[in-house]
2 protein chains.
Amino acid sequence: MKIGELAKRSGMAASRIRFYESNGLISAVKRKANGYREYGAEAIYILDMITCGQQAGFSLEELRQLLPKGESGWKHGELLEALKRKVSDIEALEGRLAETKQHLLRAIAQIEHKPSDIDCEDNARQILENIQIKAV
Amino acid sequence: MKIGELAKRSGMAASRIRFYESNGLISAVKRKANGYREYGAEAIYILDMITCGQQAGFSLEELRQLLPKGESGWKHGELLEALKRKVSDIEALEGRLAETKQHLLRAIAQIEHKPSDIDCEDNARQILENIQIKAV
DNA sequence: ATTGACCTTAAACTTAACTTAAAGGTTAAG
DNA sequence: CTTAACCTTTAAGTTAAGTTTAAGGTCAAT
């Protein structure tokens, strides 16, 4: 499979795949006689791992540490720890998100319960203060 | 209050406050005879609004549309709609996050239940496939 | 009157994660 | 045989959200 097909199948731009290779996220692949990159079907899994990892909040730098590079296989211990750390991160984020949502809902309620007959300017600061989402 | 004090009180770098002013997020403020910016106490609320909005997932571009600029007060309707949209965004994010977490937990379980006696290379793809977090 | 802590502006730099451009080689079709 | 659709590389551009730098004005104290 040439890079164009891998791009189509993975939903990634070819430039992005080359970018990942040049940045060490994926190992350099075999070339045909003409210099074209030739990928096997498993390449799609690696690329999917990257997008999945990104969705889970891993940066490319983090993924570079975790993805199996060339001959060296997975590092179980490290991978496991990273996954567990990421679960903690997600839990923290869930908490923050829930709080933020409550503040937004309270702000909405406040705006909806004071119809247009109030003086906007005078009450701006009050809404302002209530809309605030305290740093977590 | 000069910009340095506002910076300290708001926890923002002075450069950041100037940046917000030059980018139209906050309206230009009065100057003293020497050209120094002079802020009133309410400035802190506006800055807090910005950090709060950012925490809630608003980009500066979005905040620029929503924050009261100069004489014009708040636009209730628009603000309300934006807040509601943001709540929807948060709910969608919550769902995605929960899913991601499940996938991570499953991946962790799988790794923990196959101890080191298995052949990493042979099973890499299997783990790989199971770790995948489907795009939402 | 000079040091140090402030303030001013404009412009350049930073980081992440890519994309786009420039310049050129390869291949399949008509 | 030429044209279009691929592929290659290196380098430069993009976006967001600031920060840093350079060059200079101001102010309070010594």
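Residue numbers restart at each chain and count upward from 1, following the sequence in its written direction. For naming, the first written chain is A and the first written ligand is 1, with later ones following in the order written. Per-residue local features of the predicted model are confined to residues with pLDDT of at least 70, and side-chain atom pairs are confined, for both listing and counting, to 80 or more; whole-chain, interface and lining totals are unaffected and use all residues. To obtain the side-chain values, all non-hydrogen atoms of the structure were included, while hydrogens and water were left out.

(A) Spatial organisation of the protein's contact with DNA strand D. One heavy atom suffices: a residue is near a molecule or strand as soon as one of its heavy atoms comes within 4 Å of it. In the vicinity of DNA strand D there are 18 residues, among which Gly 4 and Arg 37 of chain A together with Tyr 20, Tyr 36 and Gln 54 of chain B approach most closely. Sugar plus phosphate: this is where 77% of the atoms of DNA strand D within 4 Å of the protein reside. Residues adjacent in sequence count toward polar contacts only when both atoms are side-chain atoms; beyond that, a polar contact is any pair of N or O atoms within 3.5 Å, and within protein one must be able to donate a hydrogen and the other to accept it. Arg 37 of chain A has a polar side-chain atom sitting 2.8 Å from a phosphate oxygen of DNA strand D. Among the secondary structure elements, those contributing two or more residues to the surface near DNA strand D are α1 (3-10) of chain A together with α2 (14-22) of chain B. By the criteria applied, helices consist of DSSP H or I runs no shorter than four residues and strands consist of E runs no shorter than two, each listed in order from the N terminus. In terms of residues, the surface near DNA strand D owes the most to one element, α2 of chain B, which gives 4 residues.

(B) The protein's contact with DNA strand C, seen in detail. Around DNA strand C sit 18 residues, and of these Tyr 20, Tyr 36 and Gln 54 of chain A together with Gly 4 and Arg 37 of chain B come closest. Within 4 Å of the protein, the contacting atoms of DNA strand C are drawn from sugar and phosphate to the extent of 77%. Here a sugar or linking oxygen of DNA strand C and a side-chain polar atom of Arg 16 of chain A are 3.2 Å apart. One of the side-chain N or O atoms of Arg 18 of chain B is found 2.9 Å from a phosphate oxygen in DNA strand C.

(C) Summary view of the packing of aromatic side chains. In this analysis, rings of Phe, Tyr and Trp, with Trp reduced to its six-membered ring, are considered paired at centre separations within 6.5 Å, and the interplanar angle assigns stacked below 30 degrees, edge-to-face beyond 60, and tilted for intermediate values. Overall, the coordinates contain 2 aromatic pairs over all chains when judged by the stated rule. Arranged with centres 5.8 Å apart and planes meeting at 45°, the rings of Phe 19 of chain A and Tyr 20 of chain A form a pair that is tilted.

(D) Representation of the pattern of salt bridges. Salt bridge criterion: a side-chain nitrogen from Lys or Arg within 4 Å of a carboxyl oxygen from Asp or Glu. A full pass over the atoms with the stated rule returns 12 salt bridges over all chains. A salt bridge links Glu 21 of chain B to Arg 31 of chain B; the shortest N-O distance between them is 3.8 Å. One end of the pair, Glu 21 of chain B, is in helix α2; the other, Arg 31 of chain B, is in the loop between α2 and α3 (43-55), and 10 residues separate them in sequence. Of the charged contacts in the structure, one is a salt bridge between Glu 81 of chain B and Arg 85 of chain B, with a shortest N-O distance of 3.9 Å. Residue Glu 81 of chain B and its partner Arg 85 of chain B are both found in helix α5 (residues 76-113); the two are separated by 4 residues, about one turn of the helix. Each residue gets one of three labels from its accessible area relative to the maximum for its type: buried under 20%, exposed over 50%, partly exposed in between, using a 1.4 Å probe on protein chains only. Taking the relative accessible area as the measure of exposure, Glu 81 of chain B reaches 51% and is therefore exposed. Classification of Arg 85 of chain B by relative accessible area gives exposed; the value is 51%. Overlapping salt bridges, with partners in common, bring together Glu 21, Arg 31 and Arg 37 of chain A in one network.

(E) Representation of the side chain of Lys 101 of chain B within the structure. Looking at the secondary structure, you find Lys 101 of chain B in helix α5. Whether two residues touch is decided by their heavy atoms; if any such pair falls within 4.5 Å, the residues are in contact. Sequence-distant contacts of Lys 101 of chain B, defined by excluding residues within four places in its chain, comprise Val 87, Ile 90, Glu 91 and Glu 94 of chain A.

(F) Structural context of the packing of helix α1 (residues 3-10) of chain B against α3 of chain B. Residue and element names in this part refer to chain B. Geometry is summarised by axes, namely lines fitted to C-alpha atoms with helices restricted to the contacting stretch, and by angles between N-to-C directions that run from 0 to 180 degrees. Where α1 contacts α3, the axes come no closer than 10 Å and their chain directions differ by 50°. Taken together, the axis directions place α1 and α3 in an arrangement best described as oblique. In the crossing of α1 with α3, the sense of the turn from one axis to the other is right-handed. Residues Leu 6, Arg 9 and Ser 10 of α1 touch α3, and the partners they reach there are Ala 43, Ile 44 and Leu 47. By the convention adopted, Pro, Cys, Tyr, Trp, Phe, Met, Ile, Leu, Val and Ala count as nonpolar, Lys, Arg, Asp and Glu as charged, and the other residues, Gly among them, as polar. Considered class by class, the residues forming the contact of α1 with α3 number 4 nonpolar, 1 polar and 1 charged. In what follows, roughly perpendicular refers to angles from 65 to 115 degrees, roughly parallel to angles under 35, roughly antiparallel to angles over 145, and oblique to any angle outside these ranges. Left-handed describes a crossing whose near helix is turned anticlockwise from the far helix through less than a right angle; right-handed describes the clockwise counterpart.

(G) Main features of the side chain of Glu 21 of chain A. Judged by its relative accessible area of 14%, Glu 21 of chain A falls in the buried class. Leave out the neighbours within four places in its chain, and Glu 21 of chain A touches Ile 26, Ser 27, Ala 28, Val 29, Arg 31, Arg 37 and Tyr 39 of chain A.

(H) Representation of the nonpolar core in the model. With 64 residues, the main nonpolar core has Ile 17 of chain A together with Ile 17 of chain B as its most contacted residues. With residues near it in sequence (within four places) discarded, Ile 17 of chain B still touches Ile 3, Leu 6, Ala 7, Ser 10, Met 12, Ile 26, Tyr 39 and Leu 47 of chain B. Remark: nonpolar core denotes a set of buried residues (Ala, Val, Leu, Ile, Met, Phe, Trp, Tyr, Cys) joined through side-chain atoms within 4.5 Å.

(I) Representation of the packing of α1 of chain A against helix α2 (residues 14-22) of chain A in the model. Residues and elements named next belong to chain A. Two elements in contact, α1 and α2, have axes whose closest approach is 8 Å; the angle formed by their N-to-C orientations is 105°. In this view, α1 runs roughly perpendicular relative to α2, as classed from their interaxial angle. Here Ile 3, Leu 6, Ala 7 and Ser 10 of α1 come into contact with α2, specifically with Ala 14, Ile 17 and Arg 18. Considering only residue class, the contact of α1 with α2 consists of 5 nonpolar, 1 polar and 1 charged.

(J) Just α2 of chain A, in detail. Residue and element names in this part refer to chain A. Along α2, the residues that are buried comprise Ala 14, Ile 17, Tyr 20 and Glu 21. For α2, the buried positions fall inside an angular range of 120° around the axis, keeping them on one side. Along α2, the residues that are exposed and aim more than 90 degrees away from the buried face are Ser 15 and Ser 22. Just downstream of α2, Gly 24 is the residue with a positive phi angle, here 75°. The arc in question is the one traced by the directions running from the helix axis out to the C-beta atoms.

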